[in-house]
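Letter by letter, the chains look like this.
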Amino acid sequence: MRQAIELLVREMLSPYLERIETLSNELEDLRRRNRSLVRLGQVAAIHENGYLIKVKHGDLTTPFIRWFASSAGETRDYRCPSIGEQTLVLNYGAGDNGSQTVALTGLFSDSFPSPSGDPNEILRVYPDGSRINYHAQNHVLTVDIKGDAHINVDKSAHIVAGDAATVDAKSIALNGGSPCVTTAHICHFTGNPHGDGSSTVTAGK
């Protein structure tokens, strides 16, 4: 009699037990997917096209995926992440193959620490050591370029300095032309330095 009752109860509960097992499997799958939604990793490879990267997180590595840029519309910025740069992997599709994954770069790490601890500095440091720095409290913009600098303006250029403007170089060329004469040069006729010079513009000999 007891066995018959147990068999009857088991048959009555069988659909519910199967449903509970299905829900348990689905819940475990959701937990696994949630764990992979946001992962911390490092850039492991850069695609030859220059705008896709692979990110290693734990024992896994994503396929080539896109990364976030500060601007990606009509105004666009480009700065390829560095190998070893720390990044967040955002799996917006919650899939397993990484095809719906993007990388949020720009996290300081032991490999690439912050170049400044001053909250008043707005600073960009380049791989060769060149720096562009604006100090908001001191109101000073400093540009330190280790190589050459080129500025091209299609139309007019207007530069205004509220105080003195200083240009210091081994040589200065303005529109090609011929060398300038200053009060430091000797007049061929009098044998004396030129006496009439500008009161606002000075130049070396």
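Here, every reference points to the structure presented above.
Read on for a plain summary of the structure. Bear in mind that the values here come from a model prediction, so they are computed numbers and not experimental data.

### Brief notes about the environment of T105
Part 1 of the reasoning: Structurally, T105 can be placed in strand β6 (residues 101–107).
Part 2 of the reasoning: On a C-alpha basis, the gap between T105 and S82 in space is 9.5 Å, while along the polypeptide they are 23 residues apart.
Part 3 of the reasoning: Apart from residues no more than four positions distant in its own chain, T105 is found in contact with I53, W67, F68, R79, P81, E85, Q86 and T87.

### Things to note about the sheet that holds strand β2 (residues 53–57)
Paired through backbone hydrogen bonds, the strands of a sheet run either parallel or antiparallel to each other.
Part 1 of the reasoning: If you trace the 6 strands from one edge of the open sheet to the other, you get β3-β2-β1-β5-β6-β4, paired in mixed fashion. A strand with exactly one partner marks an edge of an open sheet, and here the two such strands are β3 (60–61) and β4 (66–67).
Part 2 of the reasoning: Pairing analysis gives 6 bridges linking strand β5 (residues 86–91) to β6, with the strands arranged antiparallel. Residue N91 lies in a different strand from β6, and its bridge partner there is T101.

### What about the pairing of strand β8 (residues 131–135)?
Part 1 of the reasoning: As judged from the 5 bridges shared by strand β7 (residues 121–125) and β8, these two strands associate in the antiparallel manner. Its bridge partner lying in β8, R124 is registered against I132.
Part 2 of the reasoning: Hairpin connection of β7 to β8: 5 residues between the antiparallel strands, including G129 at a positive phi of 95 degrees.
Part 3 of the reasoning: Both β8 and strand β9 (residues 140–144) contribute to a ladder of 5 bridges, which runs antiparallel. Paired with I132 across the bridge in β9 is V143.
Part 4 of the reasoning: The hairpin formed by β8 and β9 contains 4 residues between the paired strands, and H139 there has a positive phi angle of roughly 60 degrees.

### Some remarks on the sheet that holds β9
Part 1 of the reasoning: With antiparallel pairing, the 3 strands of this open sheet are ordered in space as β7-β8-β9. The sheet is open, and its two borders are formed by β7 and β9, each paired with just one other strand. The sheet shows a mean angle of 5 degrees between the axes of neighbouring strands, direction not considered.

### Observations regarding unusual backbone geometry
Part 1 of the reasoning: Even without glycine at this site, H139 takes up a positive phi of about 60 degrees.
Part 2 of the reasoning: Relative to the elements of secondary structure, H139 occurs in the loop between β8 and β9.
Part 3 of the reasoning: Judged by its relative accessible area of 61%, H139 falls in the exposed class.

### Some details on the pattern of salt bridges
Part 1 of the reasoning: In total, this model carries 2 salt bridges according to the counting rule given.
Part 2 of the reasoning: In this structure, R79 engages E85 in a salt bridge whose closest nitrogen and oxygen atoms are separated by 2.9 Å.
Part 3 of the reasoning: According to the relative accessible area criterion, E85 is buried, its value standing at 7%.
Part 4 of the reasoning: Salt-bridge contacts for D144 lead to K146; the nearest nitrogen and oxygen are separated by 3.3 Å.

### Quick notes on the side chain of N133
Part 1 of the reasoning: Looking at the element boundaries, N133 is found in strand β8.
Part 2 of the reasoning: What makes N133 buried here is its relative accessible area of 14%.
Part 3 of the reasoning: Reaching out from N133, the side chain makes a polar contact with the side chain of E121 at a distance of 2.9 Å.
Part 4 of the reasoning: Apart from residues no more than four positions distant in its own chain, N133 is found in contact with E121, I122, L123, V140, L141 and T142.

Quick notes on the rules
- Residues numbered from 1 in each chain as written.
- Predicted model: local features only at pLDDT ≥ 70, side-chain atom pairs only at ≥ 80, totals over all residues.
- Heavy atoms only, no water.
- Helix = DSSP H or I, 4+ residues; strand = E, 2+ residues; numbered from the N terminus.
- Contact = heavy atoms within 4.5 Å.
- Pairing = 2+ DSSP bridges.
- Axes fitted to C-alpha atoms, helices over the stretch in contact; angles between N-to-C directions.
- Buried < 20%, exposed > 50% of the residue type's maximum accessible area, 1.4 Å probe, protein only.
- Salt bridge = Lys/Arg side-chain N within 4 Å of Asp/Glu carboxyl O.
- Polar contact = N/O pair within 3.5 Å; in protein donor to acceptor, adjacent residues only side chain to side chain.

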